[in-house]
2 protein chains.
Amino acid sequence: MLFSKACIYGIRATFYVSLYQGKREFIPINEISDALGISFHFLTKILQKLTRNSIMISYRGPKGGITLARAPEDISILEIIKAIDGEESLNSCILGLPGCGTERPCPLHDEWGPKRDALYQIFANTTLKNINEKFLIENFRISWKDNGGSTH
Amino acid sequence: MLFSKACIYGIRATFYVSLYQGKREFIPINEISDALGISFHFLTKILQKLTRNSIMISYRGPKGGITLARAPEDISILEIIKAIDGEESLNSCILGLPGCGTERPCPLHDEWGPKRDALYQIFANTTLKNINEKFLIENFRISWKDNGGSTH
DNA sequence: GATATTTAAGACAAATTTGTCTTAAATATG
DNA sequence: CATATTTAAGACAAATTTGTCTTAAATATC
Ligand code: SF4
Ligand code: SF4
């Protein structure tokens with residue numbers, strides 16, 4: 001698993017929220033946790049990392065909830081990942097051989113390095129606006145809750 | 001982290017052993033754990049997964065230790081990963097959105113799918129022989145022990 | 001102001017991963 | 001056969017991640 005469960009939940013929740021951007025004000029967390037089948041309190045703690053990192057804004061009380069802090073085109077997947085799993089999760093190597101790097105590559109570096117960089121660029125360049133467009137264009141109906149896993 | 005620590009340790013240990021292939025009989029695990037700076041007993045348990053999966057052969061007693069079960073060109077990195085972290089670690093998606101897949105892609109699938117497949121192929125196609133050649137050709141001197149992390 | 005709704009915060013518990021230790025079994029050597 | 005070496009196996013502990021619960025604070029509505 002490249003990302004922690006917390007990170008995946010955070011990404012899913014952000015996708016969910018971003019679908020309502022411009023249509024509703026604040027989305028209550030319990031609605032999200034219900035839709036995604038995630039523990040409400042666990043999700044709350046995850047989302048707090050996003051509000052602390054100015055990715056989301058939260059509002060308490062009736063009609064409260066969370067919403068994006070910025071325009072969807074200004075929020076990348078990478079930001080979410082960094083806010084939840086930290087900087088290292090994508091910078092560090094899959095093998096993590098110590099003391100290595102470009103000037104002292106391990107036997108896999110030539111192959112892995114470019115792949116890792118490409119992966120990083122995907123997350124850096126994909127914004128929530130891109131995601132929303134994909135959702136709309138492809139008329140995507142995701143089953144947010146776990147239901148047997150992905151088929152590849 | 002794509003792989004568990006156990007998996008990374010297993011890969012490092014296998015690299016270490018394969019460097020002596022054809023030169024020494026069995027490599028004692030305590031030598032490996034010393035060289036790699038890993039707990040001896042923890043490494044022993046990890047390596048047992050490799051012996052159970054016919055990747056390594058172990059031998060008890062003086063002059064005992066472990067060695068590769070097959071020729072280096074017949075052992076891929078992928079096998080090691082599967083033996084330790086299981087099949088799913090590379091088949092499952094980084095995001096793990098449920099119920100999705102090629103026929104029901106999430107907004108990242110078009111980008112992530114090919115990357116994941118390419119990654120899979122690297123590990124499937126890279127054998128210990130490839131690794132050894134790299135080590136020799138590049139006259140690689142790895143510092144097996146952690147010493148501050150990779151520089152990228 | 002009273003009440004219901006909703007996030008914030010933190011204590012706590014469960015599960016998983018990582019790491020340690022002890023004992024047993026196998027084997028080479030003298 | 002006695003001894004030292006080395007893996008096997010499994011109990012146990014520590015650390016981390018995941019998940020639950022309780023209380024407090026903010027806010028809309030009546
Ligand atoms: S040399 Fe590169 S591929 Fe190899 S372990 Fe280090 S960062 Fe990873
Ligand atoms: S559709 Fe593809 S990329 Fe998206 S979550 Fe599923 S497997 Fe992953």
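The structure presented is a predicted model; accordingly, all values stated were derived computationally and were not measured.

### Some points on the pattern of salt bridges
Here's step 1: In this structure the tally under the stated criterion is eight salt bridges over all chains.
Here's step 2: A:Arg24 is the salt-bridge partner of A:Glu31, the closest N and O atoms lying 2.7 Å from each other.

### Quick notes on the protein's contact with DNA strand C
Here's step 1: In the neighbourhood of DNA strand C, 29 residues make up the surrounding shell, with A:Ile29, A:Ser58, B:Ser39, B:Phe42 and B:Tyr59 lying closest.
Here's step 2: A:Ile29 places a main-chain nitrogen or oxygen 2.6 Å from a phosphate oxygen of DNA strand C.
Here's step 3: B:His41 is positioned with one of its side-chain polar atoms (N or O) 3.1 Å from a base oxygen of DNA strand C.
Here's step 4: Mapped by element, the contributors of at least two residues to the surface near DNA strand C are α2 (29-36), α3 (40-52) and β1 (56-59) of chain A together with α1 (5-18) and α3 (40-52) of chain B.
Here's step 5: Among the elements that make up the surface near DNA strand C, the one with the highest residue count is α3(A) (five residues).
Here's step 6: Counted by class, the surface near DNA strand C contains eleven nonpolar, eleven polar and seven charged residues.

### A short note on the packing of aromatic side chains
Here's step 1: The full count for this structure, using the stated rule, is eight aromatic pairs over all chains.
Here's step 2: Geometrically, the ring pair formed by A:Tyr9 and A:Phe42 is edge-to-face, given 6.0 Å between the ring centres and 90° between the ring planes. In this pair, A:Tyr9 sits in helix α1 (residues 5-19) while A:Phe42 sits in helix α3, placing the two residues 33 residues apart along the sequence.
Here's step 3: Judged by relative accessible area, A:Phe42 falls into the partly exposed class, the value being 35%.
Here's step 4: It is B:Arg24 that lies over the ring of B:Tyr20; its NZ or CZ is 4.7 Å from the centre.

### Focus on the confidence of the model for chain A
Here's step 1: In the predicted model, chain A carries a mean pLDDT of 86, and the fraction of residues at 70 or more is 82%.
Here's step 2: Within chain A, strand β2 (residues 65-68) of chain A carries the highest mean pLDDT (98), whereas helix α5 (residues 88-91) of chain A carries the lowest (79).

### Description of α3(B)
Residues and elements named next belong to chain B.
Here's step 1: In this model, α3 (13 residues) spans 18 Å end to end at C-alpha, consistent with the 18 Å of a helix rising 1.5 Å per residue.
Here's step 2: Looking at the buried side of α3, the elements it contacts are α1, α2 (29-36), β1 (56-59), β2 (65-68) and α4 (77-85).
Here's step 3: Residue serine 54 follows α3 closely and has a positive phi angle near 55°.

### Focus on the environment of B:Gly37
All names here are of chain B.
Here's step 1: By the secondary structure assignment, glycine 37 is in the loop between α2 and α3.
Here's step 2: By relative accessible area, glycine 37 is classed as exposed at 56%.
Here's step 3: Here the alpha-carbon distance between glycine 37 and lysine 63, two residues 26 residues apart in the chain, equals 22 Å.

### Brief notes about unusual backbone geometry
Residues and elements named next belong to chain A.
Here's step 1: For serine 54, which is not glycine, the phi dihedral falls at a positive 55°.
Here's step 2: Structurally, serine 54 can be placed in the loop between α3 and β1.
Here's step 3: A relative accessible area of 43% places serine 54 in the partly exposed class.
Here's step 4: Although it is not a glycine, lysine 63 adopts a positive phi angle of roughly 70°.
Here's step 5: Looking at the element boundaries, lysine 63 is found in the loop between β1 and β2.

### Brief notes about the environment of A:Lys49
Residues and elements named next belong to chain A.
Here's step 1: Here lysine 49 lies in helix α3.
Here's step 2: Taking relative accessible area as the criterion, lysine 49 reaches 33% and is therefore assigned partly exposed.
Here's step 3: The spatial distance from the C-alpha of lysine 49 to the C-alpha of isoleucine 66 is 12 Å, given a sequence separation of 17 residues.
Here's step 4: In this structure, lysine 49 is in contact with Ala83 and Ile84, ignoring residues within four places of it in sequence.

### Concerning the protein's contact with DNA strand D
Here's step 1: Taken together, 28 residues form the shell around DNA strand D, and within it A:Ser39, A:Phe42, A:Tyr59, B:Ile29 and B:Ser58 come nearest.
Here's step 2: Near-protein atoms of DNA strand D (within 4 Å) split between backbone and bases, with sugar and phosphate holding 64%.
Here's step 3: In the model, a phosphate oxygen of DNA strand D is placed 2.6 Å from a nitrogen or oxygen of the B:Ser58 side chain.
Here's step 4: The separation between a base oxygen of DNA strand D and a polar main-chain atom of B:Pro62 is 3.4 Å.
Here's step 5: Contributing elements (two or more residues each) for the surface near DNA strand D: α1 and α3 of chain A together with α2, α3 and β1 of chain B.

What counts, and where the lines are drawn
- Residues numbered from 1 in each chain as written.
- Chains lettered and ligands numbered in written order.
- Predicted model: local features only at pLDDT ≥ 70, side-chain atom pairs only at ≥ 80, totals over all residues.
- Heavy atoms only, no water.
- Salt bridge = Lys/Arg side-chain N within 4 Å of Asp/Glu carboxyl O.
- Near = heavy atom within 4 Å.
- Polar contact = N/O pair within 3.5 Å; in protein donor to acceptor, adjacent residues only side chain to side chain.
- Helix = DSSP H or I, 4+ residues; strand = E, 2+ residues; numbered from the N terminus.
- Nonpolar A, V, L, I, M, F, W, Y, C, P; charged D, E, K, R; others polar.
- Phe/Tyr/Trp six-rings, centres within 6.5 Å; stacked < 30°, edge-to-face > 60°.
- Buried < 20%, exposed > 50% of the residue type's maximum accessible area, 1.4 Å probe, protein only.
- Lys NZ or Arg CZ within 6 Å of the ring centre and 35° of its normal.
- pLDDT = per-residue confidence, 0-100.
- Expected span 1.5 Å × (residues − 1).
- Contact = heavy atoms within 4.5 Å.

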